[in-house]
Amino acid sequence: MRHRGTFKTIFWTFVLTVAATLLVLNFASGEKKLDEQVRREYALHDAQYQRALGVMLGPPITGGNRFEALYNGDAIFPPMLAAIRAARHSITFETYIYWSGDIGRAFADALSERARAGVKVHVLLDWVGSAKVDDEFIREMEGAGVQIRKFHKPDWYDIARMNNRTHRKLLVVDGRIGFTGGVGIAPEWTGNAQDPEHWRDSHYKAEGPVVAQMQAVFMDNWVKVSGDVLHGERYFPPLPAVASAAEGRAQMFSSSPSGGSESMHLMYLLSIAAATKTIDLSSAYFVPDDLTVGALVAAMQRGVRLRIITPGPIIDSQTVRAASRASWGPLLEAGAEISEYQPTMFHCKVFVVDGLLVSVGSTNFDNRSFRLNDEANLNIYDEAFAAAETAQFEADLKQSKRLTLEAWKNRPLHEKAMENVASLLSAQL
């Protein structure tokens, strides 16, 4: 009996040790976190700023691109589906959310039809984000010749990466037309943000040399999950400029825990440090860490106007909203204008600085995006495009409710308690 008890003790010690090890591996980024404030060395309009982002952190900034902003599902999905249906050579598609419903069916049918027509179609779905997709969609697409892979599907040899998801949202057609932004393939993103069941979001279409960078970001994860290297003119055709080389300057910026998890975080911090006049941030999940809060406060102290729009009461995660509100004190005290969108879930991820930089894509202002997920943002350096995005920001602002410092301080005690508890989970939000 004594030996049996000793064996059980050893067995359960082993099980708990393995579980604890996996927990640590999954909830740690594996890289040293940024812990020093980024010093202001130059302004955002200075050539050195773009040089730093194009050489130190990301791919080169390239000119000659054209962009189109698409707002809400009714304006987003038709151009994406039209591009797919017009494909002649290749389609590469990476997304976090792919669920069932009419829009999921429309994409499955369009992708399948092109695969049957001989177009090479590659679809990369996050295993967690696509958990609600109908298996029938998958079988039909694969039967038509669509190559589908799941990102970090649980396997015994890869289980330590369960908490690393691909949150990227990329569609590239024929290597010439690219789409990125905030939308997933699910009913919530359809419509025109007309009610709580239809979300407010933004997506962007790109043409020109930067599309090759978008394709390269897709290839990064495709190789990880399939081992297959896709190359050649089918995927990377010559891309002439579609605007003057001085216009439409952009780069496709990405980050991943397996290769520079802090890159996206550092890109934001460098941009905040370089800001001189304005920062407008649309953020679906705004849970800034102390370093980011400090950078934003420092920007306001030197005269930068900071405006933020986040979701209001209609949100898919009240825990995230509570953790977000817990962090607002220092920002409001420094003069930040923080507003909550009222009509429906606000899922936008748009960062506009000094009327020049517009960063759009999958990245949220939270630890999960900065350190745990694979993310991708299209950084656009174009004053006309920035002006249009500022106008859209102000249109969203009209449907948002601003929270003052006084109102934040006087919120009910039960809200403060819930927010403080939620903030303990901020490292995973």
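All residue numbers here refer to positions counted from 1 along the written sequence of the relevant chain. Selection of residues for local features in this predicted model requires a pLDDT of at least 70, selection of side-chain atom pairs for listing and counting requires 80 or more, and totals for whole chains, interfaces and linings are taken over all residues. Heavy atoms throughout the structure, all of them, feed into the side-chain values; hydrogens and water do not.

A.B. asks: I'd love a proper account of the environment of Lys205, names of residues and values included.
C.D. replies: Relative to the elements of secondary structure, Lys205 occurs in strand S7 (residues 202-207). Lys205 sits in the partly exposed class, given a relative accessible area of 21%. Taking the C-alpha atoms as reference, Lys205 lies 6.8 Å from Thr180; in sequence the two are 25 residues apart. Contact definition: two residues touch when any of their heavy atoms are within 4.5 Å. Excluding anything up to four places from it in sequence, Lys205 contacts Arg66, Phe67, Glu68, Leu70, Ile177, Gly178 and Phe179. We count a stretch as a helix when DSSP gives it H or I for four or more residues in a row; a strand needs E for two or more, and each element gets its number in order from the N terminus. Burial classification: accessible surface area is computed with a 1.4 Å probe over protein chains only, and a residue below 20% of its type maximum counts as buried, one above 50% as exposed, and the rest as partly exposed.

A.B. asks: Tell me what's going on with the side chain of Ser90, and back it up with residues and numbers.
C.D. replies: Tracing the backbone through its elements, the reader meets Ser90 in strand S2 (residues 90-95). What makes Ser90 buried here is its relative accessible area of 0%. Within the local environment of Ser90, its side chain forms a polar contact with the backbone oxygen of Arg234, the two atoms lying 2.8 Å apart. Those residues within four positions of Ser90 in sequence are excluded, and the remaining contacts are Val119, Lys120, Val172, Val173, Asp174, Gly175, Arg234 and Tyr235. We call two N or O atoms a polar contact when they sit within 3.5 Å, provided that within protein one can donate a hydrogen and the other can accept it, with sequence-adjacent residues counted only if both atoms are side-chain atoms.

A.B. asks: Give a description of empty space enclosed by the protein that names residues and reports values.
C.D. replies: Buriedness for pockets is judged along seven lines, at least five of which must meet protein on both sides within 12 Å for an open set on the 1 Å grid over protein atoms alone, while cavities are sets there where a 1.4 Å probe fits but cannot get out, and lining residues have an atom within 4 Å of a point. Grid points are joined across faces, edges and corners, and a volume is the space filled by probe spheres set on the points. Across all of its chains, the model carries four cavities of 30 Å³ or more by this definition. Here the largest cavity is characterised by a volume of approximately 60 Å³. Lining the largest cavity are Arg200, Ser202, Tyr204, Ser282, Cys348, Val350, Val352, Glu389, Gln392, Phe393 and Asp396. Broken down by secondary-structure element, the contributors of at least two residues to the lining of the largest cavity are S7, strand S12 (349-353) and helix H12 (383-397). Ranked by residue count, the leading element in the lining of the largest cavity is H12, at four residues.

A.B. asks: Give a detailed account of the sheet that holds strand S10 (residues 305-311), specifying residues and quantitative values.
C.D. replies: Taken together, eight strands build an open sheet; the order of strands is S8-S14-S13-S12-S9-S10-S11-S15 and the sheet is mixed. In the strand order of this sheet, the two ends are held by strand S8 (249-255) and strand S15 (400-403), each with one partner. Put simply, the sheet's adjacent strands are angled 15° from each other on average, direction ignored. Think of it this way: DSSP has to see at least two bridges between two strands before they count as a pair. Pairing of S10 with strand S11 (residues 337-341) involves five bridges; the strand directions are parallel. Its bridge partner lying in S11, Arg307 is registered against Glu337. Only the stretch in contact is used when fitting a helix axis, every axis being a line fitted to C-alpha atoms; angles between N-to-C directions are given from 0 to 180 degrees.

A.B. asks: An account of the confidence of the model for the chain is requested, with residue identities and associated values reported.
C.D. replies: By definition, pLDDT measures how confident the predictor is in each residue, and it falls between 0 and 100. With 87% of its residues at a pLDDT of 70 or more, the chain has an overall mean of 88. In this model, residues 17-30 is a region of pLDDT below 50 whose contacts with residues beyond four sequence positions or in other chains number 13 contacts.

A.B. asks: Any chance you could break down the sheet that holds strand S5 (residues 170-173) for me, citing the residues and the numbers?
C.D. replies: The sheet built from seven strands is open, its strands ordered S1-S7-S6-S5-S2-S3-S4 with mixed pairing. The two strands at the open ends of the sheet, each matched to only one other strand, are strand S1 (66-71) and strand S4 (147-151). Between one strand axis and the next, the sheet turns by 15° as a mean value, whatever way the strands run. Where strand S6 (residues 177-181) lies against S7, five bridges are found, and the strand directions are antiparallel. Note on S7: the bridge partner recorded for Thr180 is Tyr204.

A.B. asks: Describe the side chain of His198, with residues and values.
C.D. replies: Along the chain, His198 turns up in the loop between S6 and S7. Polar contacts involving the side chain of His198 include one to the side chain of Asp195, which spans 2.7 Å. Sequence-distant contacts of His198, that is, excluding residues within four places in its chain, are made with Pro187, Glu188, Thr190, Gly191, Ala193 and Thr344.

A.B. asks: Could you give me a rundown of the pattern of salt bridges, with the residues and numbers involved?
C.D. replies: Salt bridges are defined as contacts in which a side-chain nitrogen from Lys or Arg sits within 4 Å of a carboxyl oxygen from Asp or Glu. Taken as a whole and assessed by the stated rule, the structure comprises 17 salt bridges. Two residues, Arg114 and Glu113, come together in a salt bridge whose shortest N-O distance is 2.8 Å. Residue classification places Arg114 among the buried residues on the basis of a relative accessible area of 11%. For Glu113, a relative accessible area of 33% puts it in the partly exposed group. Several salt bridges converge on common partners, so that one network encompasses Arg105, Asp109, Glu136 and Glu140.

A.B. asks: Go over the packing of helix H3 (residues 73-85) against helix H4 (residues 102-116) with me, naming the residues and quoting the values.
C.D. replies: Axis separation between H3 and H4 bottoms out at 9 Å; the angle between their running directions is 15°. Viewed along their axes, H3 and H4 adopt a mutual orientation that is roughly parallel. Relative to H4, the crossing made by H3 is left-handed. On H4, the residues touching Phe77, Met80, Leu81, Ile84 and Arg85 of H3 are Ile103, Ala106, Phe107, Ala110, Leu111 and Arg114. When the residues that make up the contact of H3 with H4 are grouped by side-chain class, the tally is nine nonpolar, no polar and two charged. An angle below 35 degrees is treated as roughly parallel, one above 145 as roughly antiparallel, one from 65 to 115 as roughly perpendicular, and anything else as oblique. Left-handed describes a crossing in which the near helix is turned anticlockwise from the far one by less than a right angle; the clockwise case is right-handed. Under the scheme applied here, ten amino acids are nonpolar (Ala, Val, Leu, Ile, Met, Phe, Trp, Tyr, Cys and Pro), four are charged (Asp, Glu, Lys and Arg), and all others, including Gly, are polar.

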